[in-house]
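Understanding the architecture of this molecule
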Amino acid sequence: MTRREKGACDAIFSLPGPAGDTLKETPSLTLGAPYYGAAFELIGPPGTPPYLKSLRAKQVAIQAQTVASFAIALLHGQQRTYFSPLAALEGVSRGEASAALVWGPAAGWQLKQQPALALSIAEGYAPPPGLSWNLHVATRADDAALRDTIDRSLAELSAEGSLARIAAQYGIPWRAPF
């Protein structure tokens, strides 16, 4: 964010909120309205139950050093740790784990690129707080005009379905802000 503060760019996309957490070290910046809800997604073979509780006492593929580890530990699930979302998905595809709990945007892209994995995001899954974040655009705090223009444009693109279509084109799960 130092580049943004020094005027090297006008906006930074995909920062998690709230601003008090994300931008506490950069008071010259602020976040616009949320435009996308990103989350750790529950991914498995077709028919995977859409509830994290369904993973209790089961092997669950996770990416190393992510909050998914804490979530599975709270459920008393058995963690199977991998070092990338793709490796975790491949582990599920090989039967090493019942499902994966991995970062959705990266995992969705991998599923699109690797259809032979025969996995999908659990239908009806609602990511809980702690595994989901709203994403925002950061601008200079004093640049309300730019922030308003970006917020308005993203809201229009979302309302007409363009953001969801673009996300689907790349396999990224679309979630409206939480």
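Everything here concerns the structure above.
For the structure given in this document, a descriptive report is provided here. (Residues numbered from 1 in each chain as written. Predicted model: local features only at pLDDT ≥ 70, side-chain atom pairs only at ≥ 80, totals over all residues. Heavy atoms only, no water.)

1. A short note on the environment of Ala-141
Definition in use: Numbering of helices and strands runs from the N terminus, with a helix taken as a DSSP run of H or I at least four residues long and a strand as a DSSP run of E at least two residues long. Buried means the residue's accessible area, taken with a 1.4 Å probe over protein chains only, is under 20% of the maximum for its type, while exposed means over 50%, and partly exposed covers the values in between. For this analysis, residues touch if any pair of their heavy atoms sits within 4.5 Å.
Looking at the secondary structure, you find Ala-141 in the loop between strand 8 (132-140) and helix 6 (144-159). For Ala-141, a relative accessible area of 36% puts it in the partly exposed group. The residues touching Ala-141, leaving out its near neighbours within four places in the chain, are Pro-27, Ser-28, Leu-29, Thr-30 and Arg-147.

2. Concerning the packing of helix 4 (residues 85-93) against helix 5 (residues 104-113)
The criterion, for reference: Lines fitted to C-alpha atoms define the axes here, with helix axes fitted over just the stretch in contact, and angles between the N-to-C directions of these axes take values from 0 to 180 degrees. Note on terminology: angles under 35 degrees are roughly parallel, angles over 145 are roughly antiparallel, angles of 65 to 115 are roughly perpendicular, and the others are oblique. In this scheme the crossing of two helices becomes right-handed for a clockwise turn of the near helix relative to the far one and left-handed for an anticlockwise turn of less than a right angle. Each residue gets one label: Ala, Val, Leu, Ile, Met, Phe, Trp, Tyr, Cys and Pro are nonpolar, Asp, Glu, Lys and Arg are charged, and the others, such as Gly, are polar.
Look at helix 4 against helix 5: their axes get within 9 Å of each other, and the N-to-C directions meet at 60°. Considering the angle they form, helix 4 stands oblique to helix 5. In this structure, helix 4 meets helix 5 at a crossing whose hand is right-handed. Contact residues: helix 4 offers Pro-85, Leu-86 and Leu-89, while helix 5 offers Ala-106, Ala-107, Gln-110 and Leu-111. Of the residues contributing to the contact of helix 4 with helix 5, the split by class is 6 nonpolar, 1 polar and no charged.

3. Quick look at a nonpolar patch on the surface
We apply this condition: To count toward a patch, a residue needs a relative accessible area over 30% and no salt bridge; like charges are then connected within 9 Å, while nonpolar side chains (Val, Leu, Ile, Met, Phe, Trp, Tyr) are connected within 5 Å. Computed by Shrake-Rupley with a 1.4 Å probe, the accessible areas treat only the displayed protein chains as cover when residues are assessed. Each reported salt bridge corresponds to a side-chain nitrogen of Lys or Arg within 4 Å of a carboxyl oxygen of Asp or Glu.
The grouping of Trp-109, Ile-166 and Tyr-170 at the surface amounts to a nonpolar patch, some 290 Å² of accessible area in total. Mapped onto the elements of the fold, Ile-166 is located in helix 7 (residues 162-169). Residue classification places Ile-166 among the partly exposed positions, given a relative accessible area of 46%.

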